[in-house]
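Letter by letter, the chains look like this.
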Amino acid sequence: MSPALMLEPARLAALSTRFEEAAAEDVLRWAVESFAPGRLALVSAFGPTSSVILHLLRDIAPDLPVVFVDTLHHFPETLQHVENMRRHFGLNLKVYRPCADRAEFEARYGPRLWERDLDLYQQVSKVEPFRRATEGLDAWITGRRREQSETRCELPVVETGQRMKINPLAGWSRKQVWHHILEHGLPYNPLHDLGYASIGDEPLTTPVHDGEHERAGRWRGMGKLECGIHLVDHTPEQAAAD
């Protein structure tokens, strides 16, 4: 077990407090130095924050594994963006899918599963592949930010559970993220230019209107703001709080 995972809860809380004012690069450097090779990865849906984190990691740990869950229902633009990012950064990319292809998925679960059972769809298309992707890890890095939605407004920089999650951009604003992307000429999904602030599966993602929070276009009208992958390995108390 990584020494970082053996810290007492009070010391982990102190660590998160210390990182509140730390630069994202320092948080990432600490994470890379704290976990053994192969036991830490970046979990990415290749949204704007991923561009920032991958840019920062280029000088810290360019070979860090990057985990992507291909639900088989992404926009074509998203899949092309993932490939563009893989080439741009020379990523050590690990892709996990629920089935070999969309045809096999529909043969197993039927067409348009999200309309018949949204929770089952999220479980089989995202959560289960994610469990496989992270089962050998002690921790993973995410691009989540507090400003994204009310479900993330108290997100800590270092998040504990059975395994650790590091959120180096937790305190960043959307404006900061896009300033970094444009300043450094980083790739981003072209759907963002069409009003999509947060991009998930094609049938469950819509553009965001003025005045809405970033994730308002995800599962619109379905009373849902999270797919469930970030509850993997939470204690029952943490899961109940999310």
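Right, let's walk through the structure included here. Note that the coordinates shown come from a computational prediction; the quantities given were computed from them, not determined experimentally.

Our next topic: the nonpolar core. Ranked by size, the top nonpolar core spans 38 residues in total, and within it Trp30, Leu40, Leu42, Phe46, Leu54, Ile141 and Ile166 carry the most contacts. Look past the residues within four positions of Phe46 in its chain and what remains in contact with it is Leu54, Val66, Phe68, His81, Val82, Met85, Leu91 and Leu93.

Our focus in this paragraph is the pairing of strand E3 (residues 92-96). The sheet contact formed by strand E2 (residues 65-69) and E3 spans 5 bridges and is parallel. Looking at E3, one finds that Phe68 is bridged to Val95. Following the backbone out of E2, through helix H4 (residues 76-89) and into the adjacent parallel E3, one traces a crossover that is right-handed.

In space, the 6 strands of this open sheet follow the order E3-E2-E1-E4-E6-E5, with mixed pairing throughout. Each end of this open sheet is capped by a strand with a single partner; those strands are E3 and strand E5 (158-159). Here helix H2 (residues 24-34) sits on the sheet and contacts strand E1 (40-43), strand E4 (139-141), E5 and strand E6 (164-166); the angle it forms with E6, its principal contact strand, is near 150°.

Before going further, it helps to examine the pattern of salt bridges. Scanning the entire structure with this criterion turns up 14 salt bridges. The salt bridge partner of Glu83 is Arg86, with a shortest N-O separation of 2.6 Å. Of this pair, Glu83 and Arg86 both sit in helix H4, 3 residues apart, which is roughly one turn of the helix. A relative accessible area of 23% places Glu83 in the partly exposed class. For Arg86, a relative accessible area of 32% gives the class partly exposed. In this structure, Glu104 and Arg108 form a salt bridge, with 3.1 Å as the shortest nitrogen-oxygen distance. Pair noted here: Glu104 and Arg108 are both in helix H5 (residues 102-109), with a separation of 4 residues, about one helical turn. On the accessibility criterion, Glu104 (31% relative accessible area) is partly exposed. Arg108 gets classed as partly exposed once you look at its relative accessible area, which sits at 49%. One salt-bridge network, in which partners are shared between bridges, spans Glu83, Arg86 and Arg87.

What counts as what
Residues numbered from 1 in each chain as written. Predicted model: local features only at pLDDT ≥ 70, side-chain atom pairs only at ≥ 80, totals over all residues. Heavy atoms only, no water. Core = buried A, V, L, I, M, F, W, Y, C linked by side-chain atoms within 4.5 Å. Buried < 20%, exposed > 50% of the residue type's maximum accessible area, 1.4 Å probe, protein only. Contact = heavy atoms within 4.5 Å. Pairing = 2+ DSSP bridges. Helix = DSSP H or I, 4+ residues; strand = E, 2+ residues; numbered from the N terminus. Right-handed = clockwise from strand over helix to strand, strands pointing away. Axes fitted to C-alpha atoms, helices over the stretch in contact; angles between N-to-C directions. Salt bridge = Lys/Arg side-chain N within 4 Å of Asp/Glu carboxyl O.

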